[in-house]
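Each chain is listed here by its residues.
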Amino acid sequence: MSADLEHIRQVMREADCLYTNAEVEAAIARVGAQINADLAERNPVVFCVMNGGLIFSGKLLTHLDFPLEASYLHATRYRNETSGGELFWKAKPEVSFIDRDVLIIDDILDEGHTLGAIIDFCKHAGARQVHTAVLIDKEHDRKARPDLKADYVGLPCIDRYIFGYGMDYKGYWRNAAGIFAVKGM
Ligand SMILES: O=P(O)(O)OC[C@H]1O[C@H](OP(=O)(O)OP(=O)(O)O)[C@H](O)[C@@H]1O
Ligand SMILES: Nc1nc2[nH]cnc2c(=O)[nH]1
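Since the model is a prediction, treat every value here as computed from it, not as a measurement.

Enquirer: Go over the confidence of the model for the protein, please, and point to the residues and values.
Expert: Confidence along the protein averages 93 in pLDDT terms, with 96% of residues attaining 70 or more. Across the interfaces of the predicted complex, the ipTM metric reaches 0.97, alongside a pTM of 0.94.

Enquirer: An account of the site of ligand 1 is requested, with residue identities and associated values reported.
Expert: The full set close to ligand 1 counts 16 residues, and Arg77, Asp106, Asp107, Gly112 and Thr114 are the nearest of them. Measuring from an oxygen atom of ligand 1, one finds a backbone N or O atom of Asn51 at 3.2 Å. In this structure, Thr76 approaches ligand 1 through a side-chain N or O atom, which is 2.8 Å from an oxygen atom. Isolated, ligand 1 exposes 500 Å² of accessible area, and the fraction of that covered by the protein chains is 96%. The greatest single-element share of the shell around ligand 1, amounting to 3 residues, is contributed by strand β5 (residues 101-109). Here the residues of the shell around ligand 1 sort into 3 nonpolar, 6 polar and 7 charged.

Enquirer: Please set out the site of ligand 2 residue by residue, giving values where relevant.
Expert: Around ligand 2 sit Tyr78, Ile108, Asp110, Lys138, Arg160, Tyr161, Ile162, Met167 and Asp168, and those are all the residues in its vicinity. Within the side chain of Lys138, one N or O atom sits 2.8 Å away from an oxygen atom of ligand 2. Between ligand 2 and Ile162 there is a distance of 2.7 Å, counted from a nitrogen atom to a backbone nitrogen or oxygen. When isolated, ligand 2 has an accessible area of 280 Å², and the protein chains bury 94% of it. The residue makeup of the shell around ligand 2, split by class, is 5 nonpolar, no polar and 4 charged.

Enquirer: An account of unusual backbone geometry is needed here, citing residue identities and associated values.
Expert: Most peptide bonds are trans, and most residues other than glycine sit at a negative phi. For the bond running from Met50 to Asn51, omega is -5 degrees, close enough to zero to count as cis. Position of Asn51 relative to the elements: it lies in the loop between β2 (45-50) and α3 (54-61). Its identity is not glycine, yet Asn43 carries a phi of approximately 45 degrees, on the positive side. With respect to the helices and strands, the residue Asn43 is situated in the loop between α2 (21-39) and β2.

Enquirer: Tell me about α3, residues and numbers included.
Expert: Of all the positions in α3, only Phe56, Ser57 and Leu60 are classed as buried. Buried residues in α3, looked at end-on, bunch into an arc of 100 degrees, giving them a common side. Looking at the buried side of α3, the elements it contacts are α2, β2, β5 and β6 (129-138).

Enquirer: Outline helix α4 (residues 113-124), supporting the account with residue identities and numerical values.
Expert: With 12 residues, α4 extends 16 Å between its outermost C-alpha atoms, agreeing within 8% with the 16 Å of an ideal straight helix rising 1.5 Å per residue. What α4 keeps buried is the set Thr114, Leu115, Gly116, Ile118, Ile119 and Cys122. For α4, the elements touching its buried residues are β2, β3 (69-76), β4 (88-91), β5 and β6. Where α4 terminates, the next one or two residues include Gly126, which has phi positive at roughly 100 degrees.

Enquirer: Please give an account of the environment of Leu60 that cites residues and values.
Expert: Positionally, Leu60 belongs in helix α3. The exposure class of Leu60 is buried, given its relative accessible area of 0%. On a C-alpha basis, the gap between Leu60 and Gly32 in space is 5.9 Å, while along the polypeptide they are 28 residues apart. Contacts of Leu60, omitting those with residues within four sequence positions, involve Ile28, Val31, Gly32, Ile35, Ile105 and Ala133.

Enquirer: Could you give me a rundown of the sheet that holds β4, with the residues and numbers involved?
Expert: Spatial ordering of the open sheet is given by β4-β3-β2-β5-β6-β7, a layout of 6 strands whose pairing is mixed. Of all the strands in the sheet, just β4 and β7 (152-157) have a single pairing partner and so form its edges. Across this sheet, the average inter-strand angle for adjacent strands is 25 degrees, counted without regard to direction. Strand contacts of α2: β5, β6 and β7, with the helix running at about 150 degrees to β7, the strand carrying the most contacts. α3 rests against β2, β3, β5 and β6 of the sheet, and its axis sits at about 150 degrees to β2.

Criteria and thresholds
Residues numbered from 1 in each chain as written. Chains lettered and ligands numbered in written order. Predicted model: local features only at pLDDT ≥ 70, side-chain atom pairs only at ≥ 80, totals over all residues. Heavy atoms only, no water. pLDDT = per-residue confidence, 0-100. Near = heavy atom within 4 Å. Polar contact = N/O pair within 3.5 Å; in protein donor to acceptor, adjacent residues only side chain to side chain. Areas by Shrake-Rupley, 256 points an atom, 1.4 Å probe, with all protein chains shown as cover. Helix = DSSP H or I, 4+ residues; strand = E, 2+ residues; numbered from the N terminus. Nonpolar A, V, L, I, M, F, W, Y, C, P; charged D, E, K, R; others polar. Buried < 20%, exposed > 50% of the residue type's maximum accessible area, 1.4 Å probe, protein only. Arc of directions from axis to C-beta. Contact = heavy atoms within 4.5 Å. Expected span 1.5 Å × (residues − 1). Pairing = 2+ DSSP bridges. Axes fitted to C-alpha atoms, helices over the stretch in contact; angles between N-to-C directions.

Listed below in structure tokens is the structure:
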């Protein structure tokens, strides 16, 4: 079924802006500086988690000032819905990272099932150390593993369904230049 574009446009018109474009860009620059300080000598292999991690990864990578290899993996459990289900691997990493430092970049740590599963996968596949960066850490008490924290966090966010900067609403608005919360969600 094709999307109801008028509904999609209305969601943007009615959304609450939680962070402006400038605030997100400043957060990305901050995270970049932290990663430069920590990982410059570690020769990490950097994985963007598709699809949501695309914009944060692209912008963050331009702040990193050391040699690195970049690739992607694709794991999803929301599949364009607004509540999560089973984790589904669409593409596992193709680059070998045995005995390598790995940096995983994703848009959001919500309940943490996705990041937890990706970290487990990388460790089982022989990574020396797995580092994680997320643009948004959503604050609530439903974390799958309460002890699982991302090493690098751009911004905290209240417990609402958000979109923009890679995050979608029903597959749309990943391109929104800011972080927005859907009205009523
Ligand atoms: O912490 P969790 O509750 O597991 O949710 C976080 C994950 O959800 C989103 O992915 P999604 O499955 O929506 O796929 P997408 O990246 O293609 O939007 C997001 O990109 C994270 O990977
Ligand atoms: N777009 C989007 N994806 C998510 N995945 C987990 N939480 C969220 C959220 O709030 N928004």
